[in-house]
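So you can see what is in the structure, the chains are spelled out below.
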Amino acid sequence: MKNPLHFLRPVYIPAISTLWYFMLWAKAQINSDKITSPNGFGIVFMTSYPARFGSCSIALDHLSSGTVQPRRVVLYLTKEETAHFNGHLPSTIKRLQSRGIEIVFLDKNYRVYNKLPVFLEKDYVAEINSTTPINIDPIITLDDDKIPPPFVLELLKNAYAIRKDIVLNFVVENMRFARDGTQMKVSLYKAKDDRPKMMALTNGLGAVLYPQNALQSIRKHGLDFLNFSPTNDDVWFRFCNIADGIYCRQVLPEPVRFRQIPFTHHLGIWTINFSQHLSGAVVNHKYLISTFNHFGITKLSD
């Protein structure tokens, strides 16, 4: 199948980035179309923070023009990061509520893990279940710095209809572990097919669909990620699922990277690694090995 999203590969032209950003932002402020639909597919989870409220509104706005809309969208913000608003969110975010977005404020801040807070601690489940049923639909996480393509939910819906017990996303990396004496090494290489895989990493850049069995697997392992993979949710979520025998699959034979919203590169988690003089590759390798060992995985590759 030809990649229907090939035209969305990132193209950066610095001279027009500013204009493009403000055009996207202005559209998000003017558009009043509903983002959700009662007959939509899945529940979309997104997390954001004040520095990204502009890009967050852009990302969510694009869902309104999708070929398939989500049934619900929950935006997670932390009380810690929004305290200075004194309960009065900027209009950029507040007006999303009139378009069907639910906003939930979290007492605790788990950074990148805020996208799936209800599956980290039991305390959150009762609070959010009262307004957002999460025990039936698949959960789809979206990034607040990427533009979701118009076909993203349609492709996920079609793939989910084929098999409802595997994690789906658009960039899968095959993992190959090997022992070198007493040391464990790992190599990653992009998947070039859409077959279900076990020893593969679901790259969260863009969108990931978690079926209910995968979500309960993550919840079962609780907050151990704080010790083994505190800043890489992709690694932790995937190894929780590997430990429970849950497969993942790339939706299309070729990986698809969603277009980056201008001016959001410098706001990513990589800045934490950079401040510690660590490259993303070094940090990811460290977490892959520590998490692999923590779960006692014996399989080294598919």
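For the structure itself, look to the data block above.
Here we come to unusual backbone geometry. Phi angles above zero are rare outside glycine, and asparagine 86 is one such case at about 50°. On the basis of relative accessibility, which here comes to 62%, the residue asparagine 86 falls in the exposed class. Phi at arginine 111 takes a positive value of approximately 60°, unusual for a residue other than glycine. Mapped onto the fold, arginine 111 is located in the loop between strand E3 (101-106) and helix H5 (122-129).

Glancing now at the packing of aromatic side chains. By the definition in use, this model includes 14 aromatic pairs. Ring geometry for phenylalanine 41 and tyrosine 160: centres 5.7 Å apart, planes at 55°, overall tilted. Within this pair, whereas phenylalanine 41 is found in the loop between helix H1 (14-30) and strand E1 (43-47), its partner tyrosine 160 is found in helix H6 (residues 152-162), the two being separated by 119 residues in sequence. Centre to centre, the rings of tyrosine 113 and phenylalanine 237 are 5.4 Å apart; their planes meet at 85°, and the pair counts as edge-to-face. Of the two residues, tyrosine 113 sits in the loop between E3 and H5 while phenylalanine 237 sits in helix H9 (residues 233-243), which places them 124 residues apart along the sequence.

Now for H6. Among the residues of H6, Val152, Leu153, Leu155, Leu156, Ala159 and Tyr160 are the ones counted as buried. Projected down its long axis, H6 carries its buried residues within an arc of 160°, all on one side. In H6, the exposed positions that point more than 90 degrees away from the buried face belong to Ala161 and Ile162. Taken together, the buried residues of H6 touch strand E4 (139-142), strand E6 (167-169), strand E10 (207-210) and strand E11 (248-250).

A few words now on the sheet that holds E4. Read across the sheet, seven strands follow the order E3-E2-E1-E4-E10-E6-E11 without closing on themselves; strand pairing throughout is mixed. The open sheet has two edge strands with one neighbour each: E3 and E11. Neighbour-to-neighbour, the strand axes of the sheet open up by a mean angle of 25°, direction not taken into account. Sheet strands touched by helix H7 (residues 212-220): E4, E6 and E10. Its angle to E10, the strand with the most contacts, is close to 90°.

As defined by bridge partners, strand E7 (residues 172-180) adjoins strand E9 (residues 200-202) across three bridges and the pair is classed as antiparallel. Counterpart to glutamate 173 in the pairing with E9 is leucine 201. In this structure, E7 lies alongside strand E8 (residues 183-190), joined through eight bridges in antiparallel fashion. Paired with aspartate 180 across the bridge in E8 is glutamine 183. In this antiparallel pair of consecutive strands, E7 and E8, the connection spans two residues, and glycine 181 shows a positive phi of 70°.

A few words now on the sheet that holds E9. Reading across the sheet, the three strands line up as E8-E7-E9 and stay open at both edges, with antiparallel pairing between neighbours. Because the sheet does not close on itself, it has two edges, and the strands there are E8 and E9. Here the strands of the sheet are splayed against their neighbours by 35° on average, with no regard to which way each runs. The sheet contacts of H9 involve E7 and E9, and relative to E9 the element is tilted by about 130°.

Throughout the structure, instances matching the rule amount to 19 salt bridges. Linking arginine 111 and glutamate 80 is a salt bridge whose minimum nitrogen-to-oxygen distance equals 3.6 Å. A residue pair is termed long-range when its members are at least 10 positions apart, and arginine 111 in the loop between E3 and H5 and glutamate 80 in helix H3 (residues 79-82) qualify at 31 residues. When the shortest N-O distance is used, the salt bridge between aspartate 193 and lysine 197 registers 3.1 Å. The same class applies to aspartate 193 and to lysine 197, which are both buried. Connected through salt bridges with shared partners, the residues Arg52, Asp144, Asp145 and Lys146 form a single ionic network.

Here we take up the packing of H7 against H9. The N-to-C vectors of H7 and H9 enclose an angle of 105°; their axes lie 9 Å apart at closest approach. Considering the angle they form, H7 stands roughly perpendicular to H9. Between H7, through Ala214, Ser217 and Ile218, and H9, the contact on the second element is made entirely by Phe237, Cys240 and Asn241. Here the residues of the contact of H7 with H9 sort into four nonpolar, two polar and no charged.

Once that is clear, we can look at the environment of arginine 52. You can see arginine 52 is positioned in the loop between E1 and helix H2 (53-63). Linking arginine 52 and aspartate 144, residues 92 residues apart in sequence, is a C-alpha distance of 7.2 Å. Separated by 2.8 Å, the side chains of arginine 52 and aspartate 144 make a polar contact.

Let us now look at the nonpolar core. In this structure, Phe45, Leu116, Met175, Phe177, Tyr210 and Phe239 are the most contacted members of the largest nonpolar core, which totals 44 residues. Looking at this core, the element that brings in the most residues is H9, giving six residues. One finds Phe53, Leu142, Ala159 and Ala207 within the second-largest nonpolar core, a separate group that totals 41 residues.

Quick notes on the rules
Residues numbered from 1 in each chain as written. Predicted model: local features only at pLDDT ≥ 70, side-chain atom pairs only at ≥ 80, totals over all residues. Heavy atoms only, no water. Buried < 20%, exposed > 50% of the residue type's maximum accessible area, 1.4 Å probe, protein only. Helix = DSSP H or I, 4+ residues; strand = E, 2+ residues; numbered from the N terminus. Phe/Tyr/Trp six-rings, centres within 6.5 Å; stacked < 30°, edge-to-face > 60°. Arc of directions from axis to C-beta. Contact = heavy atoms within 4.5 Å. Pairing = 2+ DSSP bridges. Axes fitted to C-alpha atoms, helices over the stretch in contact; angles between N-to-C directions. Salt bridge = Lys/Arg side-chain N within 4 Å of Asp/Glu carboxyl O. Parallel < 35°, antiparallel > 145°, perpendicular 65-115°, else oblique. Nonpolar A, V, L, I, M, F, W, Y, C, P; charged D, E, K, R; others polar. Polar contact = N/O pair within 3.5 Å; in protein donor to acceptor, adjacent residues only side chain to side chain. Core = buried A, V, L, I, M, F, W, Y, C linked by side-chain atoms within 4.5 Å.

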